[in-house]
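Here are the chains, one letter per residue:
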Amino acid sequence: YLSNGFVGARIYNCLIYEPKITEEYKRQDIVLGLNYQVSQKLSINGSLGNSWLNYQEGEDFISPTWDVNANYQITDRVAFGAAYSRNFFDSVNVGAYEREAVSAYVTREGNVPVTLRVFADKDDYTIENREDKLSGVMLSAEIPITPRIKARPILNYTYYKFLPQQEKAKRYGAGLYFDYE
């Protein structure tokens with residue numbers, strides 16, 4: 001039996017990032033993360049921090065970043081999870097953008113583990129008047145070929161909406177990956 005309690009902590013500190021392709025800026029992130037095992041079946045982890053973007057020209061940008069994830073083991077073979085995050089990323093052609101993301105998944109373990117994940121993201125660009133929204137679903141599996149080689153087929157569908165242009169797009173994808181352990 002696992003007792004309720006603190007499982008671990010992790011601290012990230014990314015000091016300075018200076019891109020050379022887009023408008024020059026410096027980025028600093030400080031993040032503290034925690035893992036908490038609520039019960040034998042429920043675990044929660046997350047992080048909280050701050051991001052600073054200091055542009056050479058224009059306004060500086062300061063924003064909190066955080067994420068929270070929950071995983072619930074329904075049975076010994078089936079798990080459900082959900083996540084929410086708010087963070088910053090860098091794009092080669094349009095600079096930094098803030099992403100809010102929400103997702104949920106269900107996983108079935110066994111001889112061929114299968115995961116179904118649904119997601120929705122919203123990207124707000126810091127220098128451009130642009131907002132991208134996307135939502136979709138992904139189905140993945142892990143098929144053992146030999147004791148050391150596993151095939152990972154993936155199917156996905158993503159719906160995109162780009163603002164302010166009101167453009168819409170759909171992306172269908174399939175992939176097959178191999179893992180060697």
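Residues numbered from 1 in each chain as written. Predicted model: local features only at pLDDT ≥ 70, side-chain atom pairs only at ≥ 80, totals over all residues. Heavy atoms only, no water.

Peer 1: It is not clear to me how the side chain of Thr158 should be interpreted in this structure. Could you clarify?
Peer 2: With respect to the helices and strands, Thr158 occurs in strand β10 (residues 149-163). Each residue touching Thr158, except ones within four places of it in the same chain, is listed here: Phe119, Leu134, Ser135, Gly136, Ala169, Lys170 and Arg171. (Helix = DSSP H or I, 4+ residues; strand = E, 2+ residues; numbered from the N terminus. Contact = heavy atoms within 4.5 Å.)

Peer 1: Teacher, can you tell me more about the packing of aromatic side chains here?
Peer 2: The description of two aromatic rings rests on the distance between their centres and on the angle between their planes. Applying the stated criterion across every chain yields a total of four aromatic pairs. Look at Tyr97 and Tyr125: their rings are 5.0 Å apart centre to centre, the planes differ by 35°, and that puts the pair in the tilted class. On the criterion of sequence distance, the pair formed by Tyr97 in strand β6 (residues 95-108) and Tyr125 in strand β7 (residues 114-125) is long-range, its members being 28 residues apart. Of the two residues examined, Tyr97 and Tyr125, each falls in the buried class. With centroids separated by 5.1 Å and ring planes inclined at 45°, the aromatic side chains of Tyr157 and Tyr172 adopt a geometry described as tilted. Of this pair, Tyr157 sits in strand β10 while Tyr172 is found in strand β11 (residues 167-180), placing the two residues 15 residues apart along the sequence. Residue classification places Tyr157 among the partly exposed positions, given a relative accessible area of 24%. Using a relative accessible area of 61% as the deciding quantity, one classes Tyr172 as exposed. Just above the ring of Tyr125 sits the side chain of Arg130; from NZ or CZ to the centre is 4.4 Å. (Phe/Tyr/Trp six-rings, centres within 6.5 Å; stacked < 30°, edge-to-face > 60°. Buried < 20%, exposed > 50% of the residue type's maximum accessible area, 1.4 Å probe, protein only. Lys NZ or Arg CZ within 6 Å of the ring centre and 35° of its normal.)

Peer 1: Whenever I open this one, unusual backbone geometry confuses me. Can you help?
Peer 2: Trans peptide bonds make up most of the peptide bonds, and negative phi angles are found at most residues other than glycine. Look at the link from Leu163 to Pro164: it is a cis peptide, with omega at 10°. Structurally, Pro164 can be placed in the loop between β10 and β11. The phi dihedral of Gln166 is positive, around 60°, even though this residue is not glycine. With respect to the secondary-structure elements, Gln166 resides in the loop between β10 and β11. We classify Gln166 as partly exposed; its relative accessible area is 47%.

That is the geometry; function is a separate question.
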